[in-house]
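# Overview (structure and organization)
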2 protein chains.
Amino acid sequence: MTDTMTEFDSILEALHQAIEKTDAAAAIKTLQQADHDETAKLIDRLSAEDRQALFGLLTPEQGAEVLERVYYFQGADIIEELSAEVAAPFVAELDSDDRADLMNELDQADSEAILEELDEDLAHETRRFMAYPDGTAGAIMYSEFVSFQADMTVEEILNDIQTNRKKYIEFGVQYAYVLSQDKQLLGVLPVRNLLFASRSQQASEIMIPNPTTVHAYDTIEELEDIFEEHNYLGLPVINKDGCLIGIIDRESTTEALQEAATEDLLKFQGLMGKEELRSMPLKVRSGRRLSWLSINVVLNLISASVIAMHQDTLEAVIALAVFLPIISDMSGCSGNQAVAVSMRELSLELISPKEFRRVFFKESSVGLINGACLGLLIGGLAWLWKGNAVLGLVVGTALALNTTVAVCVGGLVPLALKACRQDPALASGPILTTVTDMCGFMLILGLASLCLPYLV
Amino acid sequence: MTDTMTEFDSILEALHQAIEKTDAAAAIKTLQQADHDETAKLIDRLSAEDRQALFGLLTPEQGAEVLERVYYFQGADIIEELSAEVAAPFVAELDSDDRADLMNELDQADSEAILEELDEDLAHETRRFMAYPDGTAGAIMYSEFVSFQADMTVEEILNDIQTNRKKYIEFGVQYAYVLSQDKQLLGVLPVRNLLFASRSQQASEIMIPNPTTVHAYDTIEELEDIFEEHNYLGLPVINKDGCLIGIIDRESTTEALQEAATEDLLKFQGLMGKEELRSMPLKVRSGRRLSWLSINVVLNLISASVIAMHQDTLEAVIALAVFLPIISDMSGCSGNQAVAVSMRELSLELISPKEFRRVFFKESSVGLINGACLGLLIGGLAWLWKGNAVLGLVVGTALALNTTVAVCVGGLVPLALKACRQDPALASGPILTTVTDMCGFMLILGLASLCLPYLV
């Protein structure tokens, strides 16, 4: 461990010095010593000024390679620190899918400024790629593919490959695509088939006709299903006229799915699915977190207002104040468990968002049992503590009922959000917490005011 | 949507009837109509009795195919419903990695009973595979690979392939492995190289020597790094003597990473990382959830005891009761945001678990700023509500300080857990909540008792 630390520190130090001396050769040599993970950490630990200076030393190709090595949100930070004229050449060198990803991470003003600097065709293509929503095939496809006309002979194709060797090697080609005159996809040509074919055969004779295709608005889950069933390395994306517009590879699909899982986790934890790194400026970090907390403030005030309305009861039976946070927290936990099961079953497609009755039936039974257990336990403790059976009854009943409500609501909220095409990961938690808090406070304080003569 | 529902319902109905009539042929025909997702849903919707009856109708091969199609936790449920003698033949037909996964999902007693039923060699291998911890190469490798001695000629190899064609096809072989006399891995042989070689060449002449290898205890993150850098479809796993013990493929690595992400999500939501499906028995579902909630009960009682100790203050200034759940919830949210950032940076390897100072420094500044903002807001509201500036000061100061504490603790807890080799995803939330609740209640009620003369 210490060895790695020292090694990393010495690379970082060397990079620092190269930047200070504006020694491009040394900077590049240092970067080449680092693997993917180390490059990301190097970029993380440089100051914004140093990063700017570093990119001043790199050629567009070298800069693009660094951008492709680091995490995409780091790349976006770097680009935002540069002026549009300086940033554009680096952006132009990226693959079409990486370029669109990175541009979508930028503020609108920054990405517009860079698009202005790109040449017209590239800007047009980039805009088109940027328009596909997250989680669709369009968002992860790339336009760097090799295609041939159906009537080209193997001889002609081999000559074309020879001519464009360097470009094609960069694409990492496994398949070529066979197109009609008007660019419709006719078939897929595994490149090694070229070796076994006669030179005079035409592309259409040695291709695999009627290949599996996807559309730009297909979801990454649909792509994953195809990759799971078949051993393909790539999939062609066609538009509604059947024309080839891009390629998806297995790896990007997997990465996109992993990213989506991470975002779900971040959303649940109240970071709104935005990446935060500690190397970002304090203002950004603090502001992003506050913007999400502010929603929470409002929801908290709403549920606290229930307590405010019952101050008299609370004043008469001050012991109840001890149980308010317990009810709030316990019901929140119970409800979140049901949210998790619904989210999981939705993502595994074991339930459809319409199956309210099944979920309600399955959750209400768990809610009643767990509510009864928790109610008996906490109610019993309340009784023992104050020696007042009615206090125990009030606390226990409130917790039991509220657990049942929380579990049912928790199970149903993700379905309802999904049915309304909202994102269950983002909104389920806050909705659940507010409902269970309000309902819980109302139950315990309402029951207490009904039984007030026996409690004081 | 309605069409698919009807189609699924009719498949389910057909399967039901086939099971009722114990018509094996009809049951298999129905199962073959369903794709992967539908098979999982079919198994989900059958009763435990129907599932048992269904597996009574299937041959070991057919049953194993169903087990491989459904989610592994569903497979484990099915196997647990069968007796060990009935289950063993199905288990024996699974691939070595699937077999170990499934066995690890079972209760110890069940898996022991099945191991007893397997033939000795298979039981031994299964035990060995089961012993590799989750998240390591050993846990996802499989032992179905094709290997040849280094001195075998292409002629001999081709004959061997011809003889074992059917078995090898099942393995889905892309590479064969070349071994020394004592089973050490010497090289990798892409099977298509066999086509370009002379029949008299030896395996050692046409193999790729010194291939990239991994060890059984390497983590899946390390595997993913290798797959990201190289375009391999599979990786050989060797033991410390350099002998080939298994193969990892790209897909299993990806799946294992996705599973780990899901488990993290479930842990945060209080399900202890155990899969729950609504088709499981009520007792299991309710019990699993309760076992986790019970930890929460204890933690809740600890923090509520702080309130109980300050009942006098609370009785004097009942308005404080309104702010207790707000402080608890708001600080919890702020702290969880810091937990999320630390978890993320740890998993991206942008920080090491030793970098306490960096995290503390970065978090304390965010904590102070956000604490000040939230404290001013909620303190101001308290002042406005009751027209008492001191109440506002007490509430605001308590929230501001507690937010700072929560943010720092939230940032540091995952590092501390990681440094102690504990799982940050499982324990960070409960630790954070308990600390922030106790500290928050102490701050607001302690400050209030200091300022009591100005509050009543």
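Basis of the calculations
Residues numbered from 1 in each chain as written. Chains lettered and ligands numbered in written order. Predicted model: local features only at pLDDT ≥ 70, side-chain atom pairs only at ≥ 80, totals over all residues. Heavy atoms only, no water. Salt bridge = Lys/Arg side-chain N within 4 Å of Asp/Glu carboxyl O. Helix = DSSP H or I, 4+ residues; strand = E, 2+ residues; numbered from the N terminus. Domains from an automatic or database assignment. Least-squares fit on C-alpha atoms with pLDDT ≥ 70 in both. Contact = heavy atoms within 4.5 Å. Core = buried A, V, L, I, M, F, W, Y, C linked by side-chain atoms within 4.5 Å. Buried < 20%, exposed > 50% of the residue type's maximum accessible area, 1.4 Å probe, protein only. Axes fitted to C-alpha atoms, helices over the stretch in contact; angles between N-to-C directions. Parallel < 35°, antiparallel > 145°, perpendicular 65-115°, else oblique. Nonpolar A, V, L, I, M, F, W, Y, C, P; charged D, E, K, R; others polar. Pairing = 2+ DSSP bridges. Buried area = accessible area lost by both parts, 1.4 Å probe. Phe/Tyr/Trp six-rings, centres within 6.5 Å; stacked < 30°, edge-to-face > 60°. Lys NZ or Arg CZ within 6 Å of the ring centre and 35° of its normal. UniProt positions renumbered as here; feature names shortened; annotations may be inferred.

### Remarks on the pattern of salt bridges
- Summed over all chains, the structure comprises 19 salt bridges over all chains.
- Taking the shortest distance from any N to any O, the salt bridge between R69 of chain B and E65 of chain B comes out at 3.8 Å. In this pair, R69 of chain B and E65 of chain B both sit in helix 5 (residues 60-69), four residues apart, roughly one turn of the helix.
- One continuous salt-bridge network, built from bridges that share partners, spans E355 and R358 of chain A together with K41, D44 and R45 of chain B.

### A few points about the domain arrangement of chain A
- Split into domains, chain A comes out as domain 1 (2-131), domain 2 (147-266) and domain 3 (282-455).
- Measuring from the centre of the C-alpha atoms in domain 1 of chain A to the corresponding centre in domain 2 of chain A gives 29 Å.

### Re the relation of the copies chain A and chain B
- Placing chain A over chain B gives an RMSD of 0.2 Å and needs a rotation angle of 179 degrees, together with 0.0 Å of translation along the axis. Within this description, the copies of the chain are treated as partners about a two-fold rotation axis.
- A shared interface surface links the copies, since 98% of the contact residues of chain A are contact residues in chain B too.

### Side note on the nonpolar core
- In this structure, L314, L320 and I444 of chain A together with L314 and I444 of chain B are the most contacted members of the largest nonpolar core, which totals 67 residues.
- The residues contacting I444 of chain A, other than those within four sequence positions of it, are L320, F323, L324, I327, V394, V395 and A398 of chain A.

### Let's talk about the packing of helix 5 of chain B against helix 7 (residues 84-93) of chain B
Residue and element names in this part refer to chain B.
- Taken N-terminus to C-terminus, the directions of helix 5 and helix 7 make an angle of 70 degrees; their axes are 8 Å apart at the nearest point. If you check the angle between helix 5 and helix 7, you find them roughly perpendicular. Residues P60, E61, G63, A64 and L67 of helix 5 form the contact with helix 7, whose own contacting residues are P89, F90 and E93.
- In terms of residue class, the contact of helix 5 with helix 7 is built from five nonpolar, one polar and two charged.

### A short note on the sheet that holds strand 2 (residues 175-179) of chain A
Residues and elements named next belong to chain A.
- If you trace the four strands from one edge of the open sheet to the other, you get 1-2-3-4, paired in mixed fashion. Looking at the sheet topology across the chains shown, the edges are occupied by strand 1 (147-149) and strand 4 (208-209).
- Relative to strand 2, strand 1 runs parallel, the two being bridged by three bridges. Along strand 2, the bridge assignment pairs Q149 with L179.

### Considerations on the interface of chain A and chain B
- With 105 residues of chain A at the contact, the number on the chain B side is 105 residues.
- Buried surface at the junction of chain A and chain B, summed over both partners, amounts to about 9200 Å²; 60% is from carbon and sulfur atoms.
- Taken together, the links from chain A to chain B amount to nine salt bridges.
- The partner of E363 of chain B in a salt bridge is R285 of chain A, and the shortest N-O contact between them spans 3.4 Å.

### Looking at the packing of aromatic side chains
- Tallied over the full model, the rule gives 14 aromatic pairs over all chains.
- Aromatic side chains F55 of chain B and F90 of chain B sit 5.2 Å apart centroid to centroid with 80 degrees between the ring planes, which places their arrangement in the edge-to-face category. With F55 of chain B in helix 4 (residues 48-57) and F90 of chain B in helix 7, this pair connects stretches of sequence that are 35 residues apart. F90 of chain B shares its class with F55 of chain B; the two are buried.
- Relative to F73 of chain B, the ring of Y72 of chain B lies with its centre 5.3 Å away and its plane at 75 degrees, an arrangement referred to as edge-to-face.
- Overall, Y72 of chain B belongs to the partly exposed group, its relative accessible area being 22%.
- An aromatic cluster is built from Y71, Y72 and F73 of chain A, whose rings are joined through pairwise contacts.
- For the cation-ring pair, K41 of chain A lies above F8 of chain A, with the distance from its terminal atom to the ring centre recorded as 4.9 Å.

### Considering the sheet that holds strand 5 (residues 214-215) of chain B
Residue and element names in this part refer to chain B.
- Taken together, the three strands give an open sheet; going across it, the order is 5-6-7, and neighbouring strands pair in mixed fashion. Bordering the open sheet on either side are strand 5 and strand 7 (244-249), each of which pairs with just one other strand.
- Pairing geometry for strand 5 and strand 6 (residues 234-238), over two bridges, is parallel. Among the inter-strand pairings, V214 is bridged to a residue of strand 6, identified as V237.
- With respect to the sheet, helix 16 (residues 220-229) is in contact with strand 5, strand 6 and strand 7, its orientation differing from that of strand 6 by roughly 140 degrees.

### Examining the UniProt feature "domain: CBS" (unreviewed entry) in chain A
- This chain's UniProt record puts "domain: CBS" (unreviewed entry) on residues 141-204 and 207-265 of chain A.
- In the segment residues 207-265 of chain A, helix accounts for 44% and strand for 25%; the C-alpha atoms at its two ends are 44 Å apart.

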